[in-house]
Amino acid sequence: MTMAEISVFSTLFGFLLAGLWGRSLGVGLTNFITITAMAISTAASAWLFYDVAVLGHPQTHMLGTWIQTGGLDIAWALRLDALSTVMMLVITSVALMVHVYAVGYMHHDASPQRFMAYLNLFVFCMMMLVTADNLVQLFFGWEGVGLASYLLIGFWHEKPSANAAAMKAFVVNRVGDLGLALGIFAVYLHFGTVQFDALFAALPSVAGQVVSFAGYTLPVYDFVALLLFVGAVGKSAQLGLHVWLPDAMEGPTPVSALIHAATMVTAGVFLMCRVSPLLELAPLAQQVILLVGMATALFAATVGMTQFDIKRVIAYSTCSQLGYMMMAVGVGAYPAAMFHLFTHAFFKALLFLGAGSVIHALSHEQDMRMMGGLRTVIPWTYRMMLVGTLALSGIFPFAGYYSKDIVLESLFASQGSLAYLSYGVGAFVAFLTAFYSWRVIFLTFHGKPRADERVMAHAHESPAVMIFPLLILSLGAIGAGYVGYEAFVGHDREAFWQGTLAVSQTHDVIEAAHHVPAWVKWFPLEVAALGIALSWFFYRYNPALRRRLVDGLGAVYRFVYNKWYVDELYNFLFVRPARALGRFFSSGVDAGVIDAFGPHGAVALSQGIGARLSRFQTGQLPFYGAVLFAGASLVMLYVIVRGAWV
Amino acid sequence: MLSFLPLSPALSPVILATSLLFFVVYGAFRSRASYGSVAFLALFALLIVMDAAGLQFALNFGTDRLPSLVFDGLSSAATVVLCGMMLAFFVLTLGLAWPLEAALLVLFALLGMLLMVSADSLMMFYMGLEMQSLALYVFIALQGRQQPAAIEAALKYFILGALASGLMLLGMSFLYGQWGVLGYGPLQALLVQHAAVSPALLWTTLGAGLILVGFLFKLSLVPFHMWTPDVYQAAPTPVVAFLSSLPKVAATVALVRLLAGPFYPLMPDLGDMLRIIGALSMLWGALAGLQQTSLRRLMAYSTIAQMGFVVMALSVATPEGMGSALVYVVVYAVTSLGLFALLMRVSDNDLSFNDVAGLVKASPVTAYLLAVFLLSLAGMPFFAGFFTKLSVFQSVLAGQHYAVVFAAALSSVVAMYYYLRVIKVMIFDDPATDQGVVMANHGASLPLGVAAALFVSVFFIIPGPEMTAFAQKMMADLLPQATASAPVMTLPFEKE
């Protein structure tokens, strides 16, 4: 049993124990088992991170053969390199905090054992995803986290909205997963392997080859990269397939923090970084990624400005930050993307758990219009939220400042026609982010309480078991940027990444990013400060002006408030036609044809014949006698006819 | 030659007849004689009869012949089975307030049946049949004291039975007129010998067909089944238990004697007819049963379908087929006896589905035992009904008669519905009334039900394999040797 196996599989055991026997083990023991499993996994991951990334000992553990048929050879293996161990460190450390937090948060729930079991399952699948040595095993983890996400979003299955959200997440992700599956097929088709090293080695073999598809001709690199990116769009909630993420907030808040902020949604970014050597050869795909990332960041930030559900605001900000990461991927600044992923995990988990603490204090109230004035009531939560918000809005020296800056600088430094546009959009989004994240703080913690008195009377600071994880995460939100900077994107980056992230031969974006003009470095901080100031102005100093502004913007405001009507568009384009088709097949074809002529038809026929046959039984003796004679006559007729014929 | 050894198998009917005479005298001269006392005494007589027949079996006395009677393995086995069921029936009804005559009548019916299964001539067979039938008509009518509907049922049964008997006699007269013999042996020899002489054989086949009509009536096969639902519904449950078990076994054995003996050369023709009738019965019994709401009426249709299986198996005229048919009918009779015995725990009267709804709450053991019988009737593995159906299917498929097997499979599927429906109503439905199903306490019916359920459920260990092997071996001995596996007889008609 190596450290790698311990780190990945301890949560599987936790899940099996808690899932199968949680009911009989009881809440306390189940919590102990799952958290212990999580802690073991965390310790092992930290050790591996130190060994692999810091000391530089990448390694691959073969676990066994999975599929071996013809030229296809897929193994179970744990691939430990800088990229995967960074992910493992993020996943396990955030997950451990979330596990501890969940003990307090789910205290009053009917079945916390099931919840903890699902959390363990999620962590196991996520670890399988990031340690995968080939695309198929990655797909296994990919689907596994999708399943865990579905189960956890719908955890409160007695709530119809939770069920709907879970289904929505699952179905939307299917679209992305289909793209990923097709991408894996295309990889195997063109490169003859799905194992990463073999794939990267085989990349030059298809240079210059093109794929003709639906009248378009695409280089193989771009074709494959775009298909894989479709998967990333689904999982990382990029514009187009983002609709599931805000609804996923129906799940318990620890789930939102772990899965829908810190880890699972970043799997798309991870996938893109994993196949970065391929992306480097696919300029068209890179441009698409950059554009999609840009659109997502802008879209989500605008919507986040108008929402009132505290968790939805944070969800849109997650969406927006994922857009940042994708933009970095799009310009080939993979270390910057990973760095932002790294810091974002801490401060976004912190924000979500803080929001959970607020919700917990206010008896499950999520609408910010019903909050306000909580600063003194829940001071520790307030402080932690403040740290998270400062990090999110990119204020020095919090973690978000470092990572967001390097992303923006990379955008500026990238070659290509979109460089300045993307930088401009990125800076504007930074402004919006600062605005709406402080809007949350002002609406929630400042001003007069808007919750009714009974709720306020019950409002209380969360127990230590919930505050403690916030403290730990806040350390990450404060220090992760400063601590990680040199290793991730600074001078030590080449030694740190050990070649797991591709670097362009012609134009090292990260290197160039360090040499951008000074104003480029200062500008994001300035607009963030401006955003905070405006937020204070509109929400604290002069709310009347804000209301006038909202009224004045009328149509624009409604457009943004209704999330650009994307859900309505999808309802019209896909959901309603699909439902109509489903109704047609279920009531028309299935019930109308198959059932009507199949089972129900047979039943009706049998019953009908039976009813008719029963009518023979008149009870009248003469009739019975006649039947008897008729039968005898038939017998005689048969004998005679048979005799004559033979 | 008749041997006068004290344990001659021929003693079985003789002992029974003697004891019957004693009972008649006893009943006539002793005022305190009741149904129960006669039935109790009859238990001993039956044990002796079973002993005599069983020893024939065990000691293998071979075949004894009296004029018009034959005592061989088949008749001994049938005697043991019939007397065993009779014993069970008496145990079941011992406590009933029936008139003394009822006991005498069922014993007369049993005597008739013993003659039927041992008959070696048409006349002896007819006598046995009539003795059985007439006794049963009166037996049913006797119930009219409590249930007036029983009189109507008895009358219907009597008149239709008389018509069927008349047709049978007509058939016999055709045969006698043609060949001048009544014994099975001489008739068979003549038919084999003159198989190629055509005009004579038309009357022969006609005669055989009409004789079969009588059998088909007794076995409740379509289109001679009309009496069955009415009688099953009108007669009291213990009477139905009797009607649905013993006479079916006796008639099947007697039919086997005819089909394996004198009618064997005609089987290529009669076989097809029997298959058509079997298929009709299976389908009719399954389909018409769907609409029933009375349990006993439902069981009547079930009987019709089950007897279709028996006739289908007989129609192939191989040792396997006929052996399967014999085992099938015995298993059916035991199942039926057990099922009606358990229904008596609820009521002697007819029961609708509502009356047994939620039975499991009032008496779980009754409901679950009934479920065992119903599942066996439906042919569910691993109950006896599955194995007997399986061997029937196998033997018929070996003869490559696919159409009738298809009908049988269809019938099984459809009939499954009503068997399962009864189980569902008993076990899963709520009682129709607040006080639930009221049980009538009936001493002996539970042990009998348990015994029959044991027979049905461990059948594939004991005695199923032995019974089947024995029956098939017996039929292999009984069927003409040269054509033991498949009839190779040329068709008895010529185009003229």
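Residues numbered from 1 in each chain as written. Chains lettered and ligands numbered in written order. Predicted model: local features only at pLDDT ≥ 70, side-chain atom pairs only at ≥ 80, totals over all residues. Heavy atoms only, no water.

**Student:** Which residues make up the pattern of salt bridges, and what values go with them?
**Tutor:** Tallied over the entire structure, the rule returns 24 salt bridges over all chains. Across the pair Glu143(A) and Arg174(A) runs a salt bridge, and its minimum N-O distance is 2.4 Å. One end of the pair, Glu143(A), is in helix H4 (residues 135–153); the other, Arg174(A), is in helix H5 (residues 160–191), with 31 residues separating them in the sequence. Residue classification places Arg174(A) among the partly exposed residues on the basis of a relative accessible area of 33%. Residues Asp269(B) and Arg642(A) are paired through a salt bridge, measuring 2.6 Å at the closest nitrogen-oxygen approach. Pair noted here: Asp269(B) is in helix H12 (residues 267–289) and Arg642(A) is in helix H26 (residues 621–645), and the two residues belong to different chains. Classification of Asp269(B) by relative accessible area gives buried; the value is 2%. Connected through salt bridges with shared partners, the residues Arg79(A), Asp81(A), Asp133(A), Asp197(A) and Arg274(A) form a single ionic network. (Salt bridge = Lys/Arg side-chain N within 4 Å of Asp/Glu carboxyl O. Helix = DSSP H or I, 4+ residues; strand = E, 2+ residues; numbered from the N terminus. Buried < 20%, exposed > 50% of the residue type's maximum accessible area, 1.4 Å probe, protein only.)

**Student:** Quick one: what's the story with the interface of chain B and chain A, residue by residue and with numbers?
**Tutor:** Tallying the contact residues gives 40 residues for chain B and 29 residues for chain A. Here chain B packs against chain A, burying approximately 3000 Å² in sum over the two surfaces, 76% of which is carbon and sulfur. Our count for the chain B to chain A interface comes out at two salt bridges. At the boundary of chain B and chain A, one finds 12 residue pairs in polar contact (both at pLDDT 80 or more). Mapped by element, the contributors of at least two residues to the side of chain B that touches chain A are helix H6 (148–179), helix H8 (198–218), helix H9 (227–234), H12, helix H13 (295–315) and helix H19 (402–427) of chain B. Considering each element in turn, the side of chain B that touches chain A owes the most residues, nine residues, to H12(B). (Contact = heavy atoms within 4.5 Å. Buried area = accessible area lost by both parts, 1.4 Å probe. Polar contact = N/O pair within 3.5 Å; in protein donor to acceptor, adjacent residues only side chain to side chain.)

**Student:** Provide a residue-level description of the pairing of strand E3 (residues 210–213) of chain A, including the pertinent values.
**Tutor:** Residue and element names in this part refer to chain A. Bridge analysis of E3 against strand E4 (residues 216–219) gives four bridges, and the strand direction is antiparallel. Across the sheet, Val211 pairs through a bridge with Leu218, a residue of E4. With antiparallel pairing between neighbouring strands as the criterion, E3 and E4 make up a hairpin whose turn holds two residues, including Ala214 at a positive phi of roughly 50°. (Pairing = 2+ DSSP bridges.)

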